[in-house]
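Coordinate analysis (summary)
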Amino acid sequence: MKYFLKITVVTFLVSLIWSCEDSKTKVGELKDYIPENTSVVLKISDFETLKADIKNNDLISEFSDTPAFSFISENNILHYLQPEGLSIFCISEHPSNYTFITRQTKNVFVTDSLNNITSEKILINDHPIYKVLIDSVLHFTTLKDSVFIASSSQTILQNIIEGNTESDPVFQKINSINNEKNFKAIIKTNNLFINDSLRINFASLASLNTQILPDAISATGVVLDRDSVPQLLSVFKGLVPQKNDIAKITPVDSKSVISVTFNDFETFQNNCEIYKGTNDSSIELITLLDAVSEASFIEHELGNSIVLSSLDPSTTKDAFLRYSTQKEVFKEVMIHDLNRPNLLSSAFYPFFKNSAMKYLFQIDQFFIVSENEAISQHIISSYLNNNCLINTTYYKESVSKLSSASSLLIMKLNGNISSSIASLFNSNNTSEINTIDFKKYPLAVLQLSYDRDFAHLNFLCKEVSSQKRTTGIVSQLASIKFENTLLKDPQFFSNHRTKGKDIIVQDVTNTLHFVSSKGKTLWTKKLDSPILGKVQEVDILKNGKKQLAFTTEKNFYILDRNGNTVAPFPMKFKDRVTQPLSVFDYDNKRNYRFIVTQGKEVLMYDSKGKIVKGFTFKKATSTIVLAPQHFRMARKDYILIAEENGTLNILSRVGKSRVSVKKSFNFSTMSIAKEGDNFVVITKENTKESISQTGKITTKKLAVSSNYWFSIKGKTKATLDDYLLRINGKLIELPFGIYTKPEIFTINRTTYITITETQEHKVYVYLKNGDLLAGLPIFGTSKAVIGDANNNGKLNLLVATDASTVVLYEN
């Protein structure tokens, strides 16, 4: 292809020479001068428009320094050509040569400077050919029947003069198809990569009406096969293209997907045998795949897998029973050992690579066989977390331009398109192409739909911004498997060094685990009993380094972030602690007050572990049923203590009654809330009791179900009534299910509401305007907590995914 850089001068000289000769009146058709054995034919309607499109296309510009694309750089033939009307550019192989064909006109070429040029006229069968030497590179030109032809090969020109041009009937047939675009490409497809490692005789020729945009290349057209020669496209004869569902289960970080569909596997198998010239069709496979309509091969850095989409999952499940045994459950999906690893290896050859598939699992309509546990678990997690290709913005935009059904679908993902591009140029040398970064092109799609003796073709490769590539994607940062069952939902804990978050969780052995956001266990500590409520963050040394504060049934602990106790803690109690630790910081000066509740009694301690003598409220009249709470309204502090007998004590800082509440309440498990200037109690009878700062009570009977929750934080209020979620009054109708209490978080000045469905184990996160966060719901079995774990401005979700596993996600 290095010849192309100097063809400009050749064409200029020829235009000068031929303008002085007496041309014949006969006018030839450009298509009649296409050389034999041409592998690529480019038919160009508007050459100036094409040059501009090529110059402005980011993908093509990536190839500007490769020899295969030297003809589109600034200093080659395309820079000087000014043909009028149709022109044809041909690339031949063995050896590689070019031929350019266009109508001879006065101004077909424009020249700026011509140096180091020599020219010589020779006669071939009395027909003049001009040899032009430019910077030691030789070119040949001629004029025949008012058609100007330039080539890097004298032999090619000689054959054209003698009438030895492309006469293949399949080529003539596909060349006759009208061009609906400015740019049409005819490409030989008898030596292409089908799976990046195997070249096959796929078909004869493809005709592509091609559109080149600044951020995309797209093509539509047809592909023809040849009846006399076995070609892979023929395996789809007699079959109807089926719907492609593979994007529903393809992880977004996969490398590639190859998908074939069929309405009758037996016919597909017989066609494959004819193509391969074998006779080893399998009744066993026909039975196994009878209900399957799509088979796909997913390539991923963790391992490869084959995905079967079944129209009748129960039938396919029964058929697989004899080949598998149960191994383990991962996120409620049973993974089986496959006792025939090569069961499907020959069924889809050569479309799929031969791989030993050791595991089998089912998700909805899909049956997946995989090479290892890692890719099995990754596919399951991606599917449950909506982290599959179908959920990405760029796939949704691309699929709108494609057919919903196809015979063959090839998708190159996340820039893994170098070998495929190399195969289009029939080149085994991909070294230069492999140096190009294709990450801006996360999806390149080639789709073929068989129809009688040809196939319809669609191709699309579009540039996507980094923001669009990540929008709507929830990725798993860490999966932490603990030896024992978890006792508590996981929590975040602030890391003063990284400004991010670490993870704390307690298991059933009462061991407290402190884990980094990378999933590394930093320390563990065995406690006497379960932690009551949540671990609180405090800074009793007032140096910015946070400590963990909490109570168990017998102890009040304060630990530093290294797991060491902070003196004089822990404090041990003879009597049982009955409520979670309450922490008050009245003026936000870190002069903490800690309240330990023991039945009817309350003990208030300072940061030094000493009883606060000025707090006069020592004992309630009945058992305290909620952890004491602190609110600040109109520069006044209020401490609320709820009793079993229905008494609500509203106290001042020193423990004296600040508001007299004359009504008794049947307290539910919901904490007392602050709404505006009122205190709100939700009773077991689902009445909403609003108490003013003067003690006035307003009662409202709520027409709600027994599964009602009320949460409020600042100006954001969330309520849940069965599956009806309201955020600041906006109604969101959730899928039927049983949900946890809505939790409200404010991260980086944005408010989020989390809720978990406990049967299907789905975690939802909403913004305060009621919009569901992109990429949600995800899989989770516990309440989710939210934070910026890595201090990078990105949202992280922490949730349990089974009895002993915690997962950290990033959105």
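Below is a short write-up of the structure. On a predicted model such as this, the values are computed, not experimentally measured, just so you know.

Some words on the sheet that holds strand β51 (residues 762–767)
- Here we have four strands laid out as an open sheet, ordered β49-β50-β51-β52, and antiparallel in their pairing. The sheet is open, and its two borders are formed by β49 (743–747) and β52 (778–779), each paired with just one other strand.
- Sheet topology places strand β50 (residues 750–757) next to β51; six bridges connect them, and they run antiparallel. Its bridge partner being in β51, I755 is matched across the sheet by Y764.

Observations regarding unusual backbone geometry
- A cis amide bond links Y349 with the next residue in sequence, P350, at an omega value of 10°.
- Counting through the fold element by element, P350 comes out in the loop between β18 (333–338) and β19 (359–363).
- Between F569 and the following residue, P570, the backbone shows a cis peptide bond with an omega angle of 5°.
- Secondary-structure assignment places P570 in the loop between β32 (555–559) and β33 (571–572).
- Even without a glycine there, the phi angle at K331 is positive, about 50°.
- Checked against the element boundaries, K331 lands in the loop between β17 (324–330) and β18.
- Judged by relative accessible area, which is 4%, K331 ranks as buried.
- Non-glycine residue N728 carries a positive phi angle of around 50°.
- Turning to its location among the elements, N728 is positioned in the loop between β47 (724–727) and β48 (730–733).

Some words on the sheet that holds strand β42 (residues 678–682)
- A sheet is described by the order of its strands in space; here four strands give the open sequence β41-β42-β43-β44, paired in antiparallel fashion. Here the strands that pair on one side only, and so sit at the sheet edges, are β41 (673–675) and β44 (697–701). Strand-to-strand twist of the sheet, defined as the mean angle between neighbouring strand axes without regard to direction, takes the value 30°.
- Examined bridge by bridge, β42 and strand β43 (residues 687–691) share four bridges and lie antiparallel to one another. In the strand pairing of β43, F679 is matched with I691.

How each quantity is defined
- Residues numbered from 1 in each chain as written.
- Predicted model: local features only at pLDDT ≥ 70, side-chain atom pairs only at ≥ 80, totals over all residues.
- Heavy atoms only, no water.
- Pairing = 2+ DSSP bridges.
- Helix = DSSP H or I, 4+ residues; strand = E, 2+ residues; numbered from the N terminus.
- Buried < 20%, exposed > 50% of the residue type's maximum accessible area, 1.4 Å probe, protein only.
- Axes fitted to C-alpha atoms, helices over the stretch in contact; angles between N-to-C directions.

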